[in-house]
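Architecture at a glance
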Amino acid sequence: MTQPRHSPWHVPAVLVLLAITAVLVLSSGCTQQAQKTQDSIATIQTTAAPGTPVAATTVQEGKKMVTFTEKDNGTTADIAENTRFAVQLEENPTTGYSWNASTSSGLTILSSDYQENKHAGGMVGVGGIRTWVLQASGSGDQTFNAVYGRSWEPVTGNETAYTMNIRIVSS
């Protein structure tokens with residue numbers, strides 16, 4: 001019995017196809033584009049040691065945007081009307097926990113973005129930072145609230161909560 005003959009290009013073609021497939025598989029997790037709500041908003045993520053929460057500097061029309069974090073929980077801040085600001089909180093959706101945010105009528109959530117912390121390849125269960133960009137669109141006293149929990153579990157009142165009081169002032 002004789003074996004079929006293969007043309008000389010057959011083996012290199014198979015190797016090229018395997019290489020292309022490997023590149024596509026390895027890069028498939030890197031193709032998601034960042035959500036952009038308005039051209040004048042950009043978020044610059046700084047790096048820190050793995051597991052360390054990092055603060056983002058948000059730039060609006062050449063000015064740094066005020067960013068509130070967990071240390072601002074329960075405080076009140078004055079924000080000029082029609083000004084954007086950000087709230088950043090640690091989150092780990094791999095455990096099922098996420099923030100459920102709400103605002104009073106004078107605040108508008110422009111975007112909500114989750115950025116996973118830097119970590120070693122193959123590591124699972126890594127947390128990150130949830131960033132909301134808001135606009136003070138009303139007047140007077142307003143509130144940003146967020147509750148950290150699992151969507152399928154009943155609310156008990158013992159969940160971690162975050163409240164930021166915003167006093168919108170004339171600009």
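Residues numbered from 1 in each chain as written. Predicted model: local features only at pLDDT ≥ 70, side-chain atom pairs only at ≥ 80, totals over all residues. Heavy atoms only, no water.

Quick notes on the overall build of the protein
For the record, the criterion: Working definition: helices are DSSP H or I runs of at least four residues, strands are E runs of at least two. Numbering for both runs from the N terminus. Think of it in three bands: residues with accessible area under 20% of the maximum for their type are buried, residues over 50% are exposed, and the middle band is partly exposed, with areas taken using a 1.4 Å probe on protein chains only. Values of accessible area rely on a 1.4 Å probe in the Shrake-Rupley scheme; residue burial ignores everything except the protein chains shown.
On a plain count of helices and strands, the protein comes out with one helix and 11 strands. In the protein, which comprises 171 residues, the proportion classed as buried is 26%. Counting only carbon and sulfur atoms, one obtains 55% of the accessible surface of the protein, whose full area is about 11400 Å².

A few points about the sheet that holds strand β6 (residues 84-91)
What counts, and what does not: The pairing criterion for strands is at least two bridges between them, as found by DSSP.
Across the sheet, which stays open at both edges, the four strands sit in the order β4-β6-β9-β8 with mixed pairing between neighbours. Single-partner strands in this sheet number two, and they are β4 (67-68) and β8 (107-116). Direction of pairing for β6 relative to strand β9 (residues 128-136): antiparallel, over a ladder of eight bridges. Bridge pairing in β9 links F85 to L134.

Details of the nonpolar core
Counted only if it meets this: Only buried residues count toward a nonpolar core. Its members are Ala, Val, Leu, Ile, Met, Phe, Trp, Tyr and Cys residues joined through side-chain atoms within 4.5 Å. Contacts are assigned to residue pairs that have any heavy atoms within 4.5 Å of one another.
The biggest cluster of nonpolar side chains holds 18 residues, and the ones touching the most others in it are F68, V87, F144, Y162 and I166. Listing elements by their share of this core, those giving two or more residues are β5 (76-80), β6, β9, β10 (140-150) and β11 (160-169). In terms of residue count, the dominant contributor to this core is β11 (four residues). Residue contacts for I166: discarding those within four places in its chain leaves F68, A77, I79, F85, L107, G140, D141 and Q142.

A look at the environment of R167
The condition is simple: Distance and chemistry together define a polar contact, namely a pair of N or O atoms within 3.5 Å, with one atom able to donate a hydrogen and the other to accept it when in protein, and with adjacent residues in sequence counting only for side-chain atoms on both sides.
Tracing the chain through its elements places R167 in strand β11. Judged by its relative accessible area of 37%, R167 is partly exposed. In this structure the C-alpha to C-alpha distance between R167 and T76, which are 91 residues apart in sequence, comes to 7.0 Å. Reaching out from R167, the side chain makes a polar contact with the side chain of D78 at a distance of 2.7 Å.

A short note on the side chain of N92
Along the chain, the position of N92 falls in the loop between β6 and β7 (97-103). In this structure N92 comes out as buried when scored by relative accessible area, which is 15%. Here T94 takes part through its side chain, which lies 2.4 Å from a polar atom of the side chain of N92. In this structure N92 touches Y97, G125, V126, G127 and Y148, once residues within four positions along its chain are discounted.

Side note on the confidence of the model for the protein
Applied cut-off: The pLDDT value expresses, per residue, how confident the predictor is, ranging between 0 and 100.
On average, residues of the protein score 77 in pLDDT, and 63% of them are at 70 or above. In the predicted structure, residues 25-60 sits below a pLDDT of 50 and forms 50 contacts with residues beyond four places in sequence or in another chain.

Comments concerning the packing of aromatic side chains
Definition in use: For Phe, Tyr and Trp, where Trp contributes only its six-membered ring, two rings pair if their centres lie within 6.5 Å, and the inter-plane angle classes them as stacked under 30 degrees, edge-to-face over 60, or tilted in between.
For the coordinates displayed, the defined rule picks out five aromatic pairs. Seen from their ring centres, F68 and F85 are 5.9 Å apart, and the 75° between their planes marks the pair as edge-to-face. Separated by 17 residues along the polypeptide, F68 in strand β4 and F85 in strand β6 bring together distant segments of the chain. Neither residue differs from the other here; F68 and F85 are each classed as buried. A centroid spacing of 5.5 Å and a plane angle of 25° characterise the contact between Y97 and Y148, whose relative ring orientation is stacked. Of this pair, Y97 sits in strand β7 while Y148 sits in strand β10, and the two are 51 residues apart along the sequence. Among the aromatic side chains, those forming a connected cluster through ring pairs are Y97, W99 and Y148.

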